[in-house]
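# An overview of the molecular structure
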Amino acid sequence: MAGEAPDPATLVDLARYPITDPGSPGWRDALADARAQLDALGAAELPGFLHPAGVEAVVADACRHEARAHHSEVPGTAYLELPDPSWPEGHPRRWVGRAALGAVAWDLFDADSPIRALYEWDPLLAFVAAVLDRGPLYRYADPLGGLNLAVMRDGDELQWHFDQTDFVVSLAVRCSEAGGDFEVAPRIRRPDDERYDDVAAVLAGAHPGVIRLPMRPGTLLVFEGRYSLHRVTPVRGRVSRLVALFGYDTRPGTTSSDLLKQVRYGRTVPVGAAPGP
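Residues numbered from 1 in each chain as written. Predicted model: local features only at pLDDT ≥ 70, side-chain atom pairs only at ≥ 80, totals over all residues. Heavy atoms only, no water.

## Quick word on the pattern of salt bridges
- What the rule picks out here adds up to 28 salt bridges.
- Linking Asp107 and Arg267 is a salt bridge whose minimum nitrogen-to-oxygen distance equals 2.9 Å. Of the two residues, Asp107 sits in the loop between strand S3 (97-104) and helix H3 (114-119) while Arg267 sits in the segment after helix H6 (258-265), which places them 160 residues apart along the sequence.
- Judged by its relative accessible area of 25%, Asp107 falls in the partly exposed class.
- Linking Asp249 and Arg251 is a salt bridge whose minimum nitrogen-to-oxygen distance equals 3.9 Å.
- A relative accessible area of 13% places Asp249 in the buried class.
- Connected through salt bridges with shared partners, the residues Arg134, Asp166, Arg187, Glu224 and Arg226 form a single ionic network. (Salt bridge = Lys/Arg side-chain N within 4 Å of Asp/Glu carboxyl O. Helix = DSSP H or I, 4+ residues; strand = E, 2+ residues; numbered from the N terminus. Buried < 20%, exposed > 50% of the residue type's maximum accessible area, 1.4 Å probe, protein only.)

Next comes the structure, spelled out in structure tokens:
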């Protein structure tokens with residue numbers, strides 16, 4: 001029988017990240033640092049966002065839920081669309097990689113889940129909104145896609161790609177034994193310039209601007225991936241790589257397409273819900 005969810009404030013290192021005290025000197029310092037990182041690299045890392053006991057709680061929670069992950073494996077382009085044969089052979093628009101991972105949907109997280117409690121916590125939502133400085137944020141209305149646990153086991157990977165959303169918020173839970181590195185080519189394209197030569201160099205493993213963001217359990221990451229090419233290298237070993245993904249948007253009512261739900265979760269409706277006509 002499920003117990004009561006923990007208070008998220010007991011999981012976060014509030015001395016380092018006083019997100020429950022907006023406007024305080026510590027809050028302003030944490031915000032300024034995150035915004036500076038985002039401006040420079042399109043990624044703001046908050047290492048040690050969870051204190052050690054908080055990390056222990058979310059790892060236990062993720063381990064309890066990871067067996068419920070739906071695994072999918074699909075080919076994918078860097079633009080998350082079908083290869084475009086109108087471009088010449090070797091063009092980035094025709095490049096295809098591999099995406100293989102498991103995902104635990106929001107509706108599978110128990111009421112006592114620390115990960116769910118963090119995602120549904122208003123102070124975290126408000127702080128992420130302040131970091132992004134795009135106005136108010138809203139949790140996804142999608143009962144499957146609002147919160148995900150990405151589960152990557154031996155052989156899983158995510159190909160080089162640009163996101164189709166402006167930003168992603170994630171919480172590092174557990175590292176794999178080997179591999180599973182998050183690699184990024186920051187701001188490699190612009191709204192008015194696709195910079196295909198640079199993209200091609202990344203895909204060929206020949207671009208000097210690629211950086212690696214370390215996977216440190218308990219780190220909160222705010223990442224603007226629409227213009228930064230990124231990937232997760234193949235995972236190796238018996239220990240799964242676990243990352244919680246928090247679905248926020250600048251518009252209320254955001255949901256995923258039925259096609260995306262079917263691929264990612266193996267279904268389109270929440271557990272226990274009757275399918276539509």
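## Examining the pairing of strand S9 (residues 182-185)
- Side chains Phe182 and Val184 project from S9 onto one buried face, and the interleaved Glu183 and Ala185 project onto a second face that is buried too.
- Bridge count for S9 against strand S10 (residues 211-213) is three bridges, and the pairing is antiparallel. For Phe182, the partnering residue across the bridge sits in S10 and is Leu213.
- Bridge count between S9 and strand S12 (residues 229-232): four bridges; the pairing is antiparallel. Looking at the pairing, Val184 lines up with His230 of S12. (Pairing = 2+ DSSP bridges.)

## Digging into helix H4 (residues 122-132)
- Burial within H4 is extensive, with eight of its 11 residues counted as buried.
- A positive backbone phi angle near 55° is found at Asp133, which sits one or two residues after H4.

## Considerations on the nonpolar core
- Residues Phe49, Leu50, Leu118, Leu124, Phe246 and Tyr248 are the most contacted members of the largest nonpolar core, which totals 48 residues.
- If one sorts the elements of this core by residue count, H4 sits on top with eight residues.
- Other than its neighbours up to four places away in sequence, Phe246 contacts Ile115, Leu118, Tyr119, Leu124, Gly146, Leu147, Val169, Leu171 and Leu220. (Core = buried A, V, L, I, M, F, W, Y, C linked by side-chain atoms within 4.5 Å. Contact = heavy atoms within 4.5 Å.)

## Things to note about the packing of helix H1 (residues 25-41) against H4
- For the pair H1 and H4, the least separation of the axes is 8 Å and the interaxial angle reads 50°. As summarised for this structure, H1 and H4 are arranged oblique, according to the angle between their axes. In the crossing of H1 with H4, the sense of the turn from one axis to the other is right-handed. Every residue of H4 that contacts H1 at Trp27, Ala30, Leu31, Ala34, Arg35 and Leu38 is listed here: Phe127, Ala130, Val131 and Leu132.
- Here the residues of the contact of H1 with H4 are counted per class, giving nine nonpolar, no polar and one charged. (Axes fitted to C-alpha atoms, helices over the stretch in contact; angles between N-to-C directions. Parallel < 35°, antiparallel > 145°, perpendicular 65-115°, else oblique. Left-handed = near helix turned anticlockwise from the far one by under 90°. Nonpolar A, V, L, I, M, F, W, Y, C, P; charged D, E, K, R; others polar.)

## Re the side chain of Glu66
- Checked against the element boundaries, Glu66 lands in the loop between helix H2 (52-65) and strand S2 (70-76).
- Here Glu66 falls in the buried class, since its relative accessible area comes to 12%.
- Separated by 3.4 Å, the side chains of Glu66 and Arg174 make a polar contact.
- The contacts of Glu66, once residues within four sequence positions are left out, are Val104, Leu149, Val151, Arg153, Arg174, Ser240 and Leu242. (Polar contact = N/O pair within 3.5 Å; in protein donor to acceptor, adjacent residues only side chain to side chain.)

## Focus: the packing of aromatic side chains
- With the rule as written, the count across this model stands at 10 aromatic pairs.
- Pairing Tyr79 with Phe162 gives two aromatic rings, centres 5.4 Å apart and planes at 35°, and the pair type is tilted. With a gap of 83 residues between them, Tyr79 in the loop between S2 and S3 and Phe162 in the loop between strand S6 (157-161) and strand S7 (168-174) connect regions that are remote in the sequence.
- For Tyr79, a relative accessible area of 5% gives the class buried. (Phe/Tyr/Trp six-rings, centres within 6.5 Å; stacked < 30°, edge-to-face > 60°.)

## Details of a nonpolar patch on the surface
- Together, Val74, Leu259 and Val263 make up an exposed nonpolar region whose accessible area comes to about 240 Å².
- Note that Val263 resides in helix H6.
- Of the residues examined, Val263 reaches a relative accessible area of 32% and is grouped as partly exposed. (Patch = residues over 30% accessible without salt bridge, like charges linked within 9 Å, V, L, I, M, F, W, Y side chains within 5 Å. Areas by Shrake-Rupley, 256 points an atom, 1.4 Å probe, with all protein chains shown as cover.)

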